[in-house]
Every structure is written in structure tokens, then in C-alpha cells.
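# Structure assessment
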Amino acid sequence: PRWASWNLGVFMCIRCAGIHRNLGVHISRVKSVNLDQWTAEQIQSMVDMGNTRARQLYEAHLPENFRRPQTDQYPPAALSYSVDPIHNRYYIFLSKTLHM
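Structural notes, computed from the coordinates. What you are looking at is a predicted structure, and each value in this text was computed from that prediction instead of being measured. (Residues numbered from 1 in each chain as written. Predicted model: local features only at pLDDT ≥ 70, side-chain atom pairs only at ≥ 80, totals over all residues. Heavy atoms only, no water.)

A few words on the nonpolar core. Listed in full, the nine residues of the largest apolar core are W3, L8, V10, M12, A17, V30, M49, A54 and Y58. Of all elements in the fold, only β2 (10-12) and α3 (50-58) reach the threshold of two or more residues within this core. (Core = buried A, V, L, I, M, F, W, Y, C linked by side-chain atoms within 4.5 Å. Buried < 20%, exposed > 50% of the residue type's maximum accessible area, 1.4 Å probe, protein only. Helix = DSSP H or I, 4+ residues; strand = E, 2+ residues; numbered from the N terminus.)

Structure representation (C-alpha cells):
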């Protein structure tokens, strides 16, 4: 992945980066891994969270039969995953809690 949401501390593919950008900076702050400048705080956010920990945290209460969209799926499938109202309320709450 060449993209990351530094406030959430996760790396992502270009398709997911586009979806995250459309969610707004109050939810996800997307940067290019190699094209943008990174502050020490932003790098530390990535080090502190990481994709594995983020999945454990943000996906802990999803139904067992739930399957995350894959990068080769048509974008609306990923979009519905990202903007699900129940999931987002939980997601935003955790983001604010972790980064206070």
C-alpha cells in the first residue's frame, strides 16, 4: 500500500484511500506514503496503531460471517462497508477515544 490514514494509523490501497478521502478529514486523514511530508506525530500514530491492531479494535464486534471487501471488488462494495452508519459511529467513537 502506498496510502495511509494517519489519524487511524492504517495503511490502505489507492481505492480505499479514495473512499476514505470522501469520508472527510473529521473521520480519516489520508496521505501518500511516499509523496507527502509526514510529521513526527503522524508517523507515531502509524507506529502506535498499525493495520493488525486496527483490525482487532475496529472489527472486534462485526458478525462472524462478515467479510471485508477486497481491493479487486467494485468500489461500491467497499463504500458500503466504510459508510455503514452503525459501524461508523463505533469507528468514530474509537478513533476519538484512542487519539485524545
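This is not the end of the story, as more comes after the structure.
Glancing now at the environment of I27. Its place among the elements puts I27 in the loop between α1 (14-23) and β3 (30-32). For I27, a relative accessible area of 8% puts it in the buried group. C-alpha of I27 to C-alpha of L8: the two residues are 19 residues apart in sequence and 8.4 Å apart in space.

The next thing to look at is the sheet that holds β3. Read from one edge to the other, the open sheet built from three strands follows the order β2-β1-β3, with strand pairing classed as antiparallel. Edge positions in the sheet fall to β2 and β3, since each of these pairs with one other strand and no more. Adjacent strand axes in the sheet meet at a mean angle of 30 degrees, parallel and antiparallel pairs treated alike. Note: strand β1 (residues 3-5) against β2, three bridges, orientation antiparallel. (Pairing = 2+ DSSP bridges. Axes fitted to C-alpha atoms, helices over the stretch in contact; angles between N-to-C directions.)

Three or more residues of α1 are buried, namely A17, I19, H20 and L23. Seen from one end, α1 has its buried residues packed into an arc of 165 degrees, which puts them on one side. For α1, the exposed residues set more than 90 degrees away from the buried face come down to I14 and N22. One or two residues past the end of α1 sits G24, with phi positive at roughly 105 degrees. (Arc of directions from axis to C-beta.)

By the element assignment, H20 lies in helix α1. A residue is classified by how much of its surface remains accessible, and H20, at 11% relative accessible area, is buried. Taking the C-alpha atoms as reference, H20 lies 7.8 Å from S5; in sequence the two are 15 residues apart.

Moving on to the packing of aromatic side chains. Remark: the centre distance and the inter-plane angle together describe each pair of aromatic rings, the angle taken between the planes. Here the structure, examined in full by the defined rule, presents zero aromatic pairs. Here the guanidinium or amino end of K31 rests over the ring plane of W38, the centre of that ring lying 5.6 Å away. (Phe/Tyr/Trp six-rings, centres within 6.5 Å; stacked < 30°, edge-to-face > 60°. Lys NZ or Arg CZ within 6 Å of the ring centre and 35° of its normal.)

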